[in-house]
Amino acid sequence: MAEEVRRKKNKKSKIILISGTYFDYPLLFLVIFLVGVGLLMVYSSSFYEGRIKHDNSSYFFTRQLIFAMMGFTALLIVSVVRYQILQKLVYVGLIMGAAFMILLKVKGIDKNGSTRWLQVGPIRFQPSEFVKLVLIVYVAYILTRYSGELKTLKGTIKILFIPAVFVVLIAIENLSTAIICFIIIVAMWFVATPRWFYALVLGGLGLIGLVGSVFLVGYRSSRIDAWLHPETAKNGYQVMQSLYAVGSGGLFGRGLGGSIQKMGAVPEAYNDMIFSIICEELGIVGAVAIIIVFIMFIWRIKFIAEGAPDRFGALLCVGVIAHIGFQVFVNIGVVTNTIPNTGVTLPFISYGGTSLMMLLAEMGMIFSVSRQIKPYKPGRIER
């Protein structure tokens, strides 16, 4: 009897926990490297403001370190749990995401003209970062379960209706995050069923929504002017200071900690504009090295997606690739004034506890997928 109970417990634990031996150490190294660089650059770019505002030069670094430790704990926990369990929790996450967005409209904290934060006791967090994770899981789930509906435009719209509602809710206060969520959804859908005509329709709808949201909100249209004419635009100060920082770094930079622009010249130097400080202190060489690491990072997740044991796992990887890849592009594009200014952080590197924790939780999912990849057997032809 005792032996039978033990077998049932072991069987149940195998359903929830992963017993495989494979672990993607190259990807883990890249994650640790990016977070480590982020901590280093957060301290370097924030010690002046930390001393001025909080009388503690390591104030922002300490907070980021705490969130990094919490994030890695979440990564380890999620990585040993079978990612298939997420399919059973997807609607719980969806309800939580909707509740957070509603609370944001009622009790959100206004900062710089937009309401993006919720305060719960001493903890302040951005619900939109949680919603990104929820949308990746939910879209992967519905594209797997209702794949037959994707054959028609009507079915596609029906499947993507709930994610579209979340995008609209986010866009009211946070257009940049809404665009990222839209890209995530479309990328996952296109990989699941590459239909160019439907993609053009969805892209057209997204473009109409983007143009409308820009010109309906005054401060967003002013950012277009700052992008086109940063020297004369009223809101062009941040862009110009960022470009000064990028240009003054030269080939090898001023040296770690040697930035001048972070001394109050570049707003949000340790947050959205941290890449400009990287360019100033580490130069073009350092900036290109960071970009190469991100490319290797995305390539590694692509490798895991190709070896994923099922469609759901592969689509989770696609969602994370779209999220991190596009966000890196947007952040660097803003810093170099390639695209209009938006409040988007550089993944793993910019200061932001909610963002870092959710990103590391996403990586936990990816590691969960990688640990279920079937090992190569000699003599078997891979197709």
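Look up a bit, the structure's there.
Residues numbered from 1 in each chain as written. Predicted model: local features only at pLDDT ≥ 70, side-chain atom pairs only at ≥ 80, totals over all residues. Heavy atoms only, no water.

Quick notes on the overall build of the protein
Each helix and strand in the protein was counted, giving 14 helices and three strands. Residue pairs in contact within the protein that sit at least 24 positions apart in sequence constitute 74% of those at least 6 positions apart. Put simply, the protein shows about 19,100 Å² of open surface, and 69% of that area lies on carbon and sulfur atoms. (Helix = DSSP H or I, 4+ residues; strand = E, 2+ residues; numbered from the N terminus. Contact = heavy atoms within 4.5 Å. Areas by Shrake-Rupley, 256 points an atom, 1.4 Å probe, with all protein chains shown as cover.)

Things to note about the side chain of Glu 129
For Glu 129, the location among the structural elements is in helix 5 (residues 127-145). A relative accessible area of 7% places Glu 129 in the buried class. Within the local environment of Glu 129, its side chain forms a polar contact with the side chain of Lys 132, the two groups lying 3.4 Å apart. Among all residues touching Glu 129, those that are not within four sequence positions of it are Thr 354, Ser 355 and Met 358. (Buried < 20%, exposed > 50% of the residue type's maximum accessible area, 1.4 Å probe, protein only. Polar contact = N/O pair within 3.5 Å; in protein donor to acceptor, adjacent residues only side chain to side chain.)

Looking at a nonpolar patch on the surface
A contiguous nonpolar surface patch, about 660 Å² in accessible area, is contributed by Leu 251, Phe 252, Ile 284, Val 285, Val 288, Ile 292 and Met 296. As for its placement among the helices and strands, Phe 252 is situated in the loop between helix 11 (237-248) and helix 12 (274-307). (Patch = residues over 30% accessible without salt bridge, like charges linked within 9 Å, V, L, I, M, F, W, Y side chains within 5 Å. Salt bridge = Lys/Arg side-chain N within 4 Å of Asp/Glu carboxyl O.)

Observations concerning the side chain of Gln 64
Structurally, Gln 64 can be placed in helix 3 (residues 59-79). With relative accessibility at 1%, the residue Gln 64 sits in the buried group. In contact with Gln 64, other than residues within four places in its own chain, are Leu 39, Val 42, Ser 350, Tyr 351, Gly 352, Gly 353 and Leu 356.

Here we look at helix 3
Compared with the 30 Å implied by 1.5 Å per residue over 21 residues, the 30 Å span of helix 3 between its first and last C-alpha is a close match. Buried within helix 3 are the following residues: Phe 60, Gln 64, Phe 67, Ala 68, Gly 71, Leu 75 and Ser 79. Across the axial projection of helix 3, the buried residues extend over an arc of 115 degrees, all falling on one side. Within helix 3, the exposed residues directed more than 90 degrees away from the buried face are Met 69, Leu 76 and Ile 77. (Expected span 1.5 Å × (residues − 1). Arc of directions from axis to C-beta.)

Quick word on the packing of aromatic side chains
Counted under the stated rule, the structure contains 15 aromatic pairs. With centroids separated by 5.3 Å and ring planes inclined at 90 degrees, the aromatic side chains of Phe 60 and Tyr 351 adopt a geometry described as edge-to-face. You can see Phe 60 sitting in helix 3 and its partner Tyr 351 sitting in the loop between helix 13 (311-335) and helix 14 (353-370), a full 291 residues away along the chain. The two residues Phe 60 and Tyr 351 agree in class, both being buried. Members of the aromatic cluster, joined through ring pairs, are Tyr 59, Phe 60, Tyr 270 and Tyr 351. (Phe/Tyr/Trp six-rings, centres within 6.5 Å; stacked < 30°, edge-to-face > 60°.)

Details of the packing of helix 2 (residues 25-54) against helix 12
One way to put it is that helix 2 packs onto helix 12 with a least axis distance of 10 Å and a crossing angle of 160 degrees. With respect to each other, helix 2 and helix 12 are oriented roughly antiparallel. In the packing of helix 2 onto helix 12, the handedness of the crossing is left-handed. Broken down by class, the residue content of the contact of helix 2 with helix 12 amounts to 20 nonpolar, two polar and two charged. (Axes fitted to C-alpha atoms, helices over the stretch in contact; angles between N-to-C directions. Parallel < 35°, antiparallel > 145°, perpendicular 65-115°, else oblique. Left-handed = near helix turned anticlockwise from the far one by under 90°. Nonpolar A, V, L, I, M, F, W, Y, C, P; charged D, E, K, R; others polar.)

With respect to the nonpolar core
Counting residues in hydrophobic clusters, the biggest one holds 99 residues, and the most contacted among them are Leu 143, Met 188, Phe 297, Leu 346, Phe 348, Ile 349 and Met 363. Those residues in contact with Phe 297, other than ones at most four positions away along the chain, are Leu 27, Leu 30, Val 31, Leu 34, Ile 324, Phe 348 and Met 363. (Core = buried A, V, L, I, M, F, W, Y, C linked by side-chain atoms within 4.5 Å.)

Section: the pattern of salt bridges
Applying the stated rule across the entire model yields seven salt bridges. Put simply, Lys 262 and Glu 281 hold a salt bridge, and the shortest N to O gap is 2.9 Å. On the criterion of sequence distance, the pair formed by Lys 262 in the loop between helix 11 and helix 12 and Glu 281 in helix 12 is long-range, its members being 19 residues apart. Residue Lys 262 shares its accessibility class with Glu 281, and that shared class is buried.

A look at the environment of Val 139
Mapping Val 139 onto the fold places it in helix 5. Among the residues examined, Val 139 registers a relative accessible area of 0% and is labelled buried. Separated by 177 residues in the primary sequence, Val 139 and Leu 316 have C-alpha atoms spaced 8.6 Å apart. If near-sequence neighbours (up to four positions away) are discounted, Val 139 is found in contact with Pro 163, Ile 185 and Met 188.

Details of unusual backbone geometry
For Asn 337, which is not glycine, the phi dihedral falls at a positive 60 degrees. Within the secondary structure, Asn 337 sits in the loop between helix 13 and helix 14. Residue classification places Asn 337 among the buried positions, given a relative accessible area of 16%. If you check the backbone angles, Phe 348 has positive phi at about 70 degrees while not being a glycine. With respect to the helices and strands, the residue Phe 348 is situated in the loop between helix 13 and helix 14.

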